[in-house]
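Structure assessment
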Amino acid sequence: MLSELPTLKTPPSCYNHEDGDVCVTEDTAEVAKEHLANFPEKVYWDRLVQVFERNGLAAEVTPAGIQVSW
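This one's a predicted model, so the numbers in the text were calculated from it and none came from an experiment.

Focus on the overall build of the protein
Broken down by element type, the protein carries one helix and five strands. Per-residue burial over the protein gives 34% buried out of 70 residues. Once local pairs closer than 6 in sequence are excluded, the contacts in the protein between residues at least 24 apart make up 27%. Here the protein displays about 4,800 Å² of accessible surface, and carbon together with sulfur accounts for 52% of that area.

Describing the confidence of the model for the protein
Put simply, the protein has an average pLDDT of 85, and 84% of its residues get 70 or more. At the level of individual helices and strands, the protein shows its lowest average pLDDT in strand 2 (residues 21-26), which scores 88, and its highest in helix 1 (residues 45-54), which scores 97.

Description of helix 1
Of all the residues in helix 1, the buried ones are Trp45, Leu48, Val49 and Phe52. All buried residues of helix 1 lie within an arc of 105 degrees about the axis, which places them on one face of the element. Facing away from the buried surface of helix 1 by more than 90 degrees, the exposed residues are Asp46, Arg47 and Arg54. The inward-facing, buried residues of helix 1 abut strand 1 (13-16), strand 4 (58-62) and strand 5 (65-69). One or two steps after helix 1, the chain reaches Gly56, where phi turns positive at roughly 85 degrees.

What counts, and at which threshold
Residues numbered from 1 in each chain as written. Predicted model: local features only at pLDDT ≥ 70, side-chain atom pairs only at ≥ 80, totals over all residues. Heavy atoms only, no water. Helix = DSSP H or I, 4+ residues; strand = E, 2+ residues; numbered from the N terminus. Buried < 20%, exposed > 50% of the residue type's maximum accessible area, 1.4 Å probe, protein only. Contact = heavy atoms within 4.5 Å. Areas by Shrake-Rupley, 256 points an atom, 1.4 Å probe, with all protein chains shown as cover. pLDDT = per-residue confidence, 0-100. Arc of directions from axis to C-beta.

Written out as structure tokens, the structure reads:
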């Protein structure tokens, strides 16, 4: 998945959806790339965003899931 990111025309970002699907934004379309079987419940998302941010990623909770950009 990460090896594909340098070819994107927009800044790389992905959404981690509540069902565990990990989708990458390619231009204007969202494309499913992975599935996380044990993705945390919504009550833990704010903490997960803090973990992403401490590791140098931009992250925010959105209605669609957690958006992570780098």
